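# Architecture at a glance
What follows is each chain in one-letter form.
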Amino acid sequence: MSEAPWPREELVARIRRIGEERYHSLHPFHRLLHGGQLKHGQVQAWVLNRFYYQARIPLKDAALLSRMEDPALRRSWRKRIEEHDGGPGNEGGIERWLVLAEAVGLDRNRVLRHEGVLPGVRFAVDAYVQFVRERSLIEAMASSLTELFAPAIHEERIAGLLRHYDFANERTLAYFKRRLTEAPEDVSFTLDWVLEHATTRERQEAVLGAVTFKTDVLWAQLDALHHAYVEPAIPPPGAFRLEHRS
């Protein structure tokens, strides 16, 4: 006999507990970044590698859209693609990230070609896209619930970068500022949908598994960066090489 589903508030509490224990805001690389302890080349490496993730978000959402048979659900979800790809009156998150990349001295075209991206970052991000394509719809949508935890890290990042790095200003940090309003809107819709459809313990546990998987994806990217550029600082063949400046 299967166990009874948790009350909605219990499922939400369990989701939030995953963020408290596993979100990548806890990673040592982010502590170094937000505390101004990374050298210029290490910041460049983060911006370059993180762009691979940013560029794959619309592909992930397009794959998810293709699986939604409800037109109303598709209409609600497709705004996420526009948030990153842009649209009328909105240059989009990808363009904002490219502004940041140029501000830290990276070549826009090389960033767009993903030159020098770490294998560990590629594997983690590609696994996320594959997860969304192959798992159940509720798992695919639930994986984006890490956005519940995103505003706090964006606020911390904006403050830390402005305090410690010369490249940081209103224009170069526009991506993070925009996500302070976009992410809560997106996750509110997703959470309501997930809570409505996670009607069995099995589905609820699948939701928790999806959120846990997504935190692993985010954490693995920073593991790759930390290993390549901080300790032991051994970038793999073909990876971005640090500039010799502080």
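Just so you know, the residues in each chain are numbered from 1, in the order the chain's sequence is written. Restriction of local features to residues with pLDDT of at least 70 applies here, the model being predicted, together with a cutoff of 80 or more for giving and counting side-chain atom pairs; totals for whole chains, interfaces and linings are based on all residues. The side-chain quantities take in all heavy atoms of the structure and omit both hydrogens and water.

### Digging into the overall build of the protein
- Broken down by element type, the protein carries 12 helices and 0 strands.
- Secondary structure elements follow DSSP: runs of H or I of four or more residues count as helices, runs of E of two or more count as strands, with numbering from the N terminus. Each helix and strand of the protein, placed in order from N terminus to C terminus, yields the pattern α-α-α-α-α-α-α-α-α-α-α-α.
- The globule rule used here is 2.2 Å times the number of residues to the 0.38 power, and the radius of gyration it is set against is calculated over C-alpha atoms. Taken against the 2.2 N^0.38 rule, which gives 18 Å for 246 residues, the C-alpha radius of gyration of the protein at 18 Å falls within 12% of a compact globule.
- Judged by the C-alpha coordinates and their principal axes, the protein covers about 60 × 40 × 35 Å.
- When a residue's accessible area, from a 1.4 Å probe over protein chains only, is under 20% of the maximum for its type it is buried; when over 50% it is exposed; and in between it is partly exposed. Put simply, the protein has 246 residues, and 52% of those count as buried.
- Note on contacts: a residue pair qualifies if any of its non-hydrogen atoms lie within 4.5 Å across the two residues. When contacts within the protein are restricted to residue pairs at least 6 apart in sequence, those whose partners lie at least 24 apart make up 77%.
- On the protein, roughly 11600 Å² of surface is accessible, and the fraction owed to carbon and sulfur atoms is 50%. All accessible areas in this document rest on Shrake-Rupley with a 1.4 Å probe, and a residue is counted as covered only by the protein chains that are shown.

### A closer look at empty space enclosed by the protein
- Computed over the protein atoms alone on a 1 Å grid, cavities are sets of points where a 1.4 Å probe fits but cannot get out and pockets are open sets with protein on both sides within 12 Å along at least five of seven lines; a residue lines them when it has an atom within 4 Å of a point. Grid points are joined across faces, edges and corners, and a volume is the space filled by probe spheres set on the points. Going through the model one piece at a time under the given rule, you end up with 2 cavities of 30 Å³ or more.
- Around the largest cavity, the lining comprises 25 residues; the ones closest to its centre are Tyr 53, Ile 57, Glu 147, Arg 179 and Lys 214.
- Every element with two or more residues in the lining of the largest cavity is listed here: helix H3 (40-65), helix H5 (79-85), helix H10 (150-164), helix H11 (174-197) and helix H12 (201-229).
- Residue contributions to the lining of the largest cavity peak at 6 residues, all from H3.

### So, unusual backbone geometry
- With an omega of 5°, the peptide bond between Glu 231 and Pro 232 qualifies as cis.
- With respect to the helices and strands, the residue Pro 232 is situated in the segment after H12.
- One non-glycine residue, His 114, lies in positive phi territory at about 60°.
- By secondary structure assignment, the location of His 114 is in the loop between helix H7 (108-112) and helix H8 (119-134).
- In this structure His 114 comes out as buried when scored by relative accessible area, which is 12%.
- In this structure, Ala 233 takes a positive phi of about 65° despite not being glycine.
- The exposure class of Ala 233 is partly exposed, given its relative accessible area of 38%.

### Describing the nonpolar core
- Here, nonpolar core refers to any group of buried Ala, Val, Leu, Ile, Met, Phe, Trp, Tyr and Cys residues whose side-chain atoms link them within 4.5 Å. Ranked by size, the top nonpolar core spans 78 residues in total, and within it Ile 15, Trp 46, Val 47, Leu 145 and Phe 176 carry the most contacts.
- Ranked by residue count, the leading element in this core is H3, at 12 residues.

### Some thoughts on the environment of Tyr 23
- Here Tyr 23 shows up in the loop between helix H1 (8-22) and helix H2 (28-34).
- For the pair formed by Tyr 23 and Lys 214, sequence separation is 191 residues and the distance between their alpha carbons is 9.1 Å.
- When near neighbours in sequence (up to four residues on either side) are disregarded, Tyr 23 contacts Ile 18, Thr 146, Phe 149, Ala 150, Ile 153, Leu 218 and Trp 219.

### So, the pattern of salt bridges
- Here a salt bridge means any side-chain nitrogen of Lys or Arg lying within 4 Å of a carboxyl oxygen belonging to Asp or Glu. Following the criterion strictly, the structure yields 20 salt bridges and no others.
- Between Lys 79 and Glu 83 there is a salt bridge; the shortest N-O distance is 2.5 Å. Placement of both Lys 79 and Glu 83 in helix H5 is noted, with a separation of 4 residues, approximately one turn of the helix.
- Lys 79 sits in the partly exposed class, given a relative accessible area of 31%.
- Put simply, Glu 170 and Lys 177 hold a salt bridge, and the shortest N to O gap is 3.7 Å.

Any functional reading would require information that these geometric values do not contain.
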